[in-house]
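Residue-level structure breakdown
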Amino acid sequence: GAGVSQTPSNKVTEKGKYVELRCDPISGHTALYWYRQSLGQGPEFLIYFQGTGAADDSGLPNDRFFAVRPEGSVSTLKIQRTERGDSAVYLCASSLMGAQDEQYFGPGTRLTVT
Amino acid sequence: KQEVTQIPAALSVPEGENLVLNCSFTDSAIYNLQWFRQDPGKGLTSLLLIQSSQREQTSGRLNASLDKSSGRSTLYIAASQPGDSATYLCAVKGNNNDMRFGAGTRLTVKP
């Protein structure tokens, strides 16, 4: 079956602009996670959704970052007033029920802020 | 805050060799531990998931162990192949749902 998909695969934007990154989880998975991976580092947790609600958003670095999952399936990560330090690969993962289940990752969106 | 460390950062071995990758974590109150593989420019592929109550998991040539009390996990790869070349990431999930990753071990298996 289809895995986790993310669009776009690459995004280049200018400093100060607004960007949206999209994640389509595996069908039927109720839990969805966003991570950020900088070069040479492991992924860093950003936010976790259980259904439509953000169950844990403690990893969001500041209020420029926001994520939604209005219908409990597709999720959008939104970054306002982008900064060069936001450049990274943004990874999305989903799992069947929640915290105890194996996470399946998408290919990521590479964001470059110039 | 949970800290996850992976040693070595990079490893190069000849084809056919058995090898061990190490992962250590500072807080033993974990929910589970997962090993991933990441190829350049790609997402993460899950290899093995060990629940906190388990000691090890095996899949093919891979065996992962977990010693929660000492904060350690190892990934054993038997009879390594060039196709095993990738970055291997260890991730620890705490009881509060967040998953903490190590920086990874970059493995190169030479033909």
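Heads up: these notes are all about the structure in this document.

Moving on, we come to the sheet that holds strand 3 (residues 19–25) of chain B. Residue and element names in this part refer to chain B. Here we have five strands laid out as an open sheet, ordered 1-3-8-7-6, and antiparallel in their pairing. Edge positions in the sheet fall to strand 1 (4–7) and strand 6 (56–59), since each of these pairs with one other strand and no more. Strand-to-strand twist across the sheet, computed as the mean angle between neighbouring axes with direction ignored, equals 15°. With six bridges connecting them, strand 7 (residues 62–67) and strand 8 (residues 72–77) associate as antiparallel partners.

What follows deals with the nonpolar core. The biggest cluster of nonpolar side chains holds 22 residues, and the ones touching the most others in it are B:Phe25, B:Leu33, B:Trp35, B:Leu75, B:Ile77, B:Tyr88 and B:Leu107. Not counting chain neighbours up to four residues away, the residues in contact with B:Phe25 comprise B:Gln2, B:Glu3, B:Val4, B:Ile30, B:Leu33, B:Leu66, B:Asp67, B:Lys68, B:Gly71, B:Arg72, B:Ser73 and B:Val92.

Turning to the packing of aromatic side chains, a few remarks are in order. Tallied over the entire structure, the rule returns eight aromatic pairs over all chains. For the ring pair A:Tyr33 and A:Tyr48, a centre distance of 4.8 Å and an interplane angle of 15° mean the geometry is stacked. In this pair, A:Tyr33 is assigned in strand 4 (residues 31–37) and A:Tyr48 in strand 5 (residues 44–50), connecting sequence segments 15 residues apart. By the burial criterion, A:Tyr33 is buried, and A:Tyr48 matches it. Summarising the aromatic geometry, the rings of A:Phe105 and B:Phe101 are spaced 6.1 Å apart at their centres and angled 85° between planes, so their arrangement reads as edge-to-face. Of the two residues, A:Phe105 sits in strand 10 (residues 104–105) while B:Phe101 sits in strand 10 (residues 99–101), which places them in two different chains. We note that A:Phe105, like B:Phe101, is buried. An aromatic cluster is built from A:Tyr33, A:Tyr35, A:Phe45, A:Tyr48, A:Phe105, B:Phe36 and B:Phe101, whose rings are joined through pairwise contacts.

Calculation rules
- Residues numbered from 1 in each chain as written.
- Chains lettered and ligands numbered in written order.
- Predicted model: local features only at pLDDT ≥ 70, side-chain atom pairs only at ≥ 80, totals over all residues.
- Heavy atoms only, no water.
- Pairing = 2+ DSSP bridges.
- Helix = DSSP H or I, 4+ residues; strand = E, 2+ residues; numbered from the N terminus.
- Axes fitted to C-alpha atoms, helices over the stretch in contact; angles between N-to-C directions.
- Core = buried A, V, L, I, M, F, W, Y, C linked by side-chain atoms within 4.5 Å.
- Buried < 20%, exposed > 50% of the residue type's maximum accessible area, 1.4 Å probe, protein only.
- Contact = heavy atoms within 4.5 Å.
- Phe/Tyr/Trp six-rings, centres within 6.5 Å; stacked < 30°, edge-to-face > 60°.

As far as function goes, none of this settles anything; it's purely spatial.
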